[in-house]
Every structure is written in C-alpha cells, then in structure tokens.
Amino acid sequence: MNINFQANPISKKQAQFLNQKLVNANYVDIICHSLTDEDAMASAKAIQWYLKKQHTPQRIILNHGEDTWGYPHKGRILDTAVSELPKERPDTVLCIDFSSTSRISKNVIDYIKQAKKIFCIDHHEDGDIVPDIHPITRSLSQKEIDALPITNIYVDTSAKSCSGIVMRLFKTLGITPPVRIWQQLFCGMTDDLRKNHCIKYNETLNPIKLELMNKDQYTSDLYSAIESELFPKEREVVVKHLNVLANLSPDEMKFKESLPTRMKKTAKLGYVVIPDGDKEWANLGGDNKKTSAIMGNFRLNALENNPELDSVAVFYPVKDAYRISIHSKNNNVLKLFDYVKEKFNPDLQAGGHENRGGGYVQSLAPHICEKWVNEILKGAEEFYK
Ligand SMILES: [Mn+2]
C-alpha cells in the first residue's frame, strides 16, 4: 500500500507554459467530469476566476454540479445535464480533475476530441483523454521536477486533490486569489482528502487529520497552507456545507441505518444493490449529495467493521445509467476493474483511484443492469480468491 503520496511542486517552466497557453487562448472551455464534485468545481472556479481577471473568454462545462460549493446559478457555466453542448468546434479545452474518458459522457468526449487544443490538470491514474499521458506518480525532488518535459496534460497522481494542484500552480505563478476562491479550493481539497481517507469529521463538524494524512508531510503542509489563508469563520461555512451527514432528515437517517443490513458478501467484496424503482431511494430523490454521502460513509464504515472484507461497493441507479461506487482498503479498485474487463466485460466503463472508484452502464433496463452487476460480482469472486 502506497502511503507516501506527496504533493509535488510544479516547475516554473510548466506553470508558465500552462499560464501562457490558457491566458492567450481565444476561448477556454473548462470541462469537469460527470457528476461534478467539489474538487472539480473548486478547480474549475479558481481557473475561471483567473482567466476572467486576465480577460480571457471562458466557460465552465459541468454535469450536475448544483450541490457543490459556489455553484454559479448564472454566469459562464453550461450544465450538460440541462443544456446541449455548443455546436461549434471548441478552441481550447481544459480538462480539470479528470483525464479519463470513463469519467465523462460520450457527447463530452466527442466535444473535447474536436478541440483545437487540449489541456488537462488532474490527479487521477487512468488517463486516456489523449494517447500519451505520462503522469507524475511519485514524489520528486525540485531538481527532478524542473527536469520534467513541459506538457499540455499535467497529471500528478501523487496529489490528493486537483484543488491542491491548482493551488500550487497559483503559488508558483505568484497569483493571489480572493477569499472566496481560497474557500473554494479549501472546499475541494477537504472533500477529496476526506474521500481519500486523510480526513474525517468529528462530532463537532471539524475535519480531523487521520493517520494517512500525518504520514504524508507534503499533503499535510499543503492543507495547513490553505487553512492559513482563511479565518476560522471562513473555513467553518465550508465545512458545514461539506458535512452533510450532520444534517440528515429522519428518512435519510433510516436509509443510512438500513445499508449495513442490506449488505451481501461475495469473497472479500461486500455490496449493496439498490435496484431501479427502489421506493425508498426514489423518495430520497435518488442520487444526490446526501444519498451519495450516506453511501460513501457506509462503504468506509463497512470496511472498518468487517475486517475480512477488502472492498465494499454500492450499485445504484442515477438518471439515465446504473452505477457502482466502491472503496477498497488494500488499493484493489483498479485491479478489480481490470480483472472484470479481462474476464467478463471488455466494455466495462469504470475507473478512479486504487482506493476508491466507480463505473456505470448507460442503461436502466433491468436485464442489462442485472447482467452488468453479475459480471462485476463474478469478477470479484474470482479476483479475491
Ligand atoms: Mn479530485
């Protein structure tokens, strides 16, 4: 298990290159992954703020970001869940917080591939948005960082959040954002650190650093640096927004308590299947910020309470697809997905990180979803033997 992730700095040459290319573009489409989360939104908003300041025309393209901190209800934003993508060929696209086609829908892939120039800032491991992605995968010395070739696609998988990379980009370029942008980046970083088991919230809503964070000096330093940009009150509103489990309705509470009782096991995988048409799920409004937080919390708790399990997954319907979200305590997520692809389903759309990931099948037809779930379960059964 690699616990020595360290947040690399960005070389001055690389930062200046990205700065120059983006600021001088005719138009920048800042693209976020499907089911846009806090980290993607924070990174996109920070870059948008900067480009706007430089008078570079830009727009954020996201998908269902309305639950995120600082979601712009108006302004330069296009939500692919409610609006069509532009018909004209994009000039410059910046993929933010993703580099894999498995994280975006087909129409967004097509849009990106038409762009005159593609740039990317990301921290995920499985990039394929352009053919030759060479992510930084370990912590490097300043000398090694400075010797890296300059690239359009800047992927540092040693970083625990894209917000952290954007923050370092700003620091390297000497850019000082206003408080609301620091809050945004603090939000993105906190949320991804929580997802990566570096942070959890205590009963009084405060994020506390976990063992993984304490072993990771650079990430820890980076987090302290962003904390120090904000007054406690400015951090508190963000943490309150993020800690959705502290504000559940009775029905949401019931759902939370029901998940452990619904869990089944195959080999070292624990899983819950929520079928399309599940009444309780529909009553809660389906997949949203709260149900997603409840399911995430369930996966982590189930791993902690069931030492025999390696991974815990939930299968659930979203608007037009059926999804899996999974956590692994032994960093087996991508290996498991690869096994399923190799043995049972070469078309499996799934990815993420070694310790947590997700996938989907673009259908809610029961026979298709059932087959898809069974392929993953059969794969897990063999994989964990
Ligand atoms: Mn992220």
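Residues numbered from 1 in each chain as written. Predicted model: local features only at pLDDT ≥ 70, side-chain atom pairs only at ≥ 80, totals over all residues.

1. Thoughts on the sheet that holds strand S11 (residues 311-317)
This is how the line gets drawn: When DSSP finds two or more bridges between a pair of strands, those strands are recorded as paired. Under the DSSP-based scheme used, a helix requires at least four consecutive residues in state H or I and a strand at least two consecutive residues in state E, with every element numbered from the N terminus. All axes are obtained by fitting lines to C-alpha atoms, using only the stretch in contact for helices, and the reported angles, taken between N-to-C directions, cover 0 to 180 degrees. C-beta atoms are first placed from the backbone for all residues, and any pair lying within 7 Å is then listed as a contact.
As summarised here, the arrangement of the six strands in space is S9-S10-S11-S12-S14-S13, forming an open sheet in which the pairing is mixed. Looking at strand neighbours, the two that pair on one side only are strand S9 (264-266) and strand S13 (349-352), the edges of this open sheet. Each adjacent strand pair in this sheet contributes to an overall mean axis angle of 20 degrees, direction not counted. In this fold helix H13 (residues 333-343) packs onto S11, strand S12 (322-328), S13 and strand S14 (356-361), with an angle of close to 30 degrees to the strand it touches most, S14.

2. Thoughts on the pairing of S12
Using the following cut-off: Field definition: a residue is buried when 20 or more other C-beta atoms are found within 10 Å of its C-beta, exposed when 12 or fewer are, and partly exposed for counts in between, with C-beta atoms placed from the backbone.
When you tally the buried positions in S12, you get seven out of seven residues, the bulk of the element. Summarising the sheet, S12 and S14 pair through six bridges and their orientation is antiparallel. Its bridge partner lying in S14, Ser-325 is registered against Gly-358.

3. With respect to the packing of helix H5 (residues 162-173) against helix H6 (residues 179-195)
Two measures define how a pair of helices packs: the angle their axes make with one another and the distance between the axes. Formally: For classification purposes, angles smaller than 35 degrees are called roughly parallel, those larger than 145 roughly antiparallel, those between 65 and 115 roughly perpendicular, and all remaining angles oblique.
The interhelical angle for the contact between H5 and H6, taken along N-to-C directions, is 140 degrees, at an axis separation of 7 Å. Taken as axis vectors, H5 and H6 run oblique relative to one another. Taking contact as the criterion, the partners of Cys-162, Ser-163, Gly-164, Val-166 and Met-167 in H5 are, on H6, Leu-185, Gly-188, Met-189 and Asp-192.

4. Side note on the domain arrangement of the protein chain
Convention followed: An automatic or database domain assignment supplies the start and end points of every domain. Residues are grouped as follows: nonpolar covers Ala, Val, Leu, Ile, Met, Phe, Trp, Tyr, Cys and Pro; charged covers Asp, Glu, Lys and Arg; every other residue, Gly included, is treated as polar.
According to the domain assignment, the protein chain contains domain 1 (12-173) and domain 2 (248-383). Of note, the centres of domain 1 and domain 2, computed from C-alpha atoms alone, are 27 Å apart. At the junction of the two partners, domain 1 supplies seven residues and domain 2 supplies eight residues. Grouping the amino acids of the side of domain 1 that touches domain 2 by side-chain chemistry returns no nonpolar, three polar and four charged.

5. Here's the deal with the pairing of S11
Most of S11 sits inside the fold, with six of its seven residues counted as buried. Judged from the five bridges that link them, strand S10 (residues 269-273) and S11 form a sheet pairing that is parallel. Each residue of the ladder has a partner; that of Val-273, found in S11, is Phe-315. The pairing of S11 with S12 spans seven bridges and is classified as antiparallel. Bridging from a neighbouring strand, Ser-311 pairs with Ser-328 of S12. Taking the residues between adjacent antiparallel strands as the criterion, S11 and S12 are bridged by four residues.

6. Regarding the sheet that holds strand S1 (residues 28-32)
The strand order across the open sheet formed by six strands is S3-S2-S1-S4-S5-S6, and the pairing between neighbours is parallel. Lying at the two open borders of the sheet, with one neighbouring strand each, are strand S3 (77-79) and strand S6 (153-155). Between one strand and the next, the sheet's axes are offset by a mean angle of 20 degrees, whatever the strand orientation. Summarising the sheet, S1 and strand S4 (residues 92-96) pair through five bridges and their orientation is parallel.

7. Details of the packing of helix H2 (residues 38-53) against H5
To keep things clear, this is the line we draw: Each crossing is labelled by how the near helix is turned from the far one, with a counterclockwise turn of less than a right angle marking it left-handed and a clockwise turn marking it right-handed.
Taken N-terminus to C-terminus, the directions of H2 and H5 make an angle of 20 degrees; their axes are 8 Å apart at the nearest point. Taken together, the axis directions place H2 and H5 in an arrangement best described as roughly parallel. Here H2 and H5 pass one another in a crossing that is left-handed. The segment H2 lies against H5, with Asp-39, Ala-40, Ala-42, Ser-43, Ala-46 and Ile-47 engaging Cys-162, Ser-163 and Val-166. Residues of the contact of H2 with H5, tallied by class, amount to six nonpolar, two polar and one charged.

8. Focus: the environment of Leu-230
Along the chain, the position of Leu-230 falls in the loop between helix H8 (217-228) and helix H9 (232-242). On the basis of neighbour count, Leu-230 is assigned to the partly exposed category, with 17 C-beta atoms found within 10 Å. Considering only alpha carbons, one finds Leu-230 and Asn-19, 211 residues apart in sequence, at a separation of 25 Å. Dropping the residues within four chain positions of it, Leu-230 is found in contact with Val-179, Trp-182, Gln-183, Phe-186 and Arg-235.

9. Let's talk about the nonpolar core
Note the following rule: For the purposes of this analysis, a nonpolar core is taken to be any set of buried Ala, Val, Leu, Ile, Met, Phe, Trp, Tyr and Cys residues that are connected through C-beta atoms within 7 Å.
With 59 residues, the main nonpolar core has Ile-31, Leu-94, Ile-96, Val-166 and Leu-185 as its most contacted residues. Ignoring anything within four residues of it in the chain, the contact list for Ile-96 reads Ile-30, Ile-31, Cys-32, Ala-40, Ser-43, Ala-44, Ile-47, Ile-121 and Cys-162. Residues Phe-298, Leu-309, Ile-326 and Ala-380 belong to the second largest nonpolar core, which totals 34 residues.

10. A look at H13
Put simply, the rule is: As used here, the arc belongs to the directions running from the helix axis to the C-beta atoms.
Among the residues making up H13, those that are buried are Val-333, Leu-336, Phe-337 and Val-340. Mapping the buried residues of H13 onto a view down its axis gives an arc of 100 degrees, with all of them on the same face. Buried residues belonging to H13 abut S11, S12, S13, S14 and helix H14 (366-383).

11. With respect to the environment of Arg-180
For Arg-180, the location among the structural elements is in helix H6. Classification of Arg-180 by C-beta neighbours within 10 Å gives partly exposed; the count is 13. When the C-alpha positions of Arg-180 and Val-155 are compared, they lie 26 Å apart, and in sequence the two are 25 residues distant.

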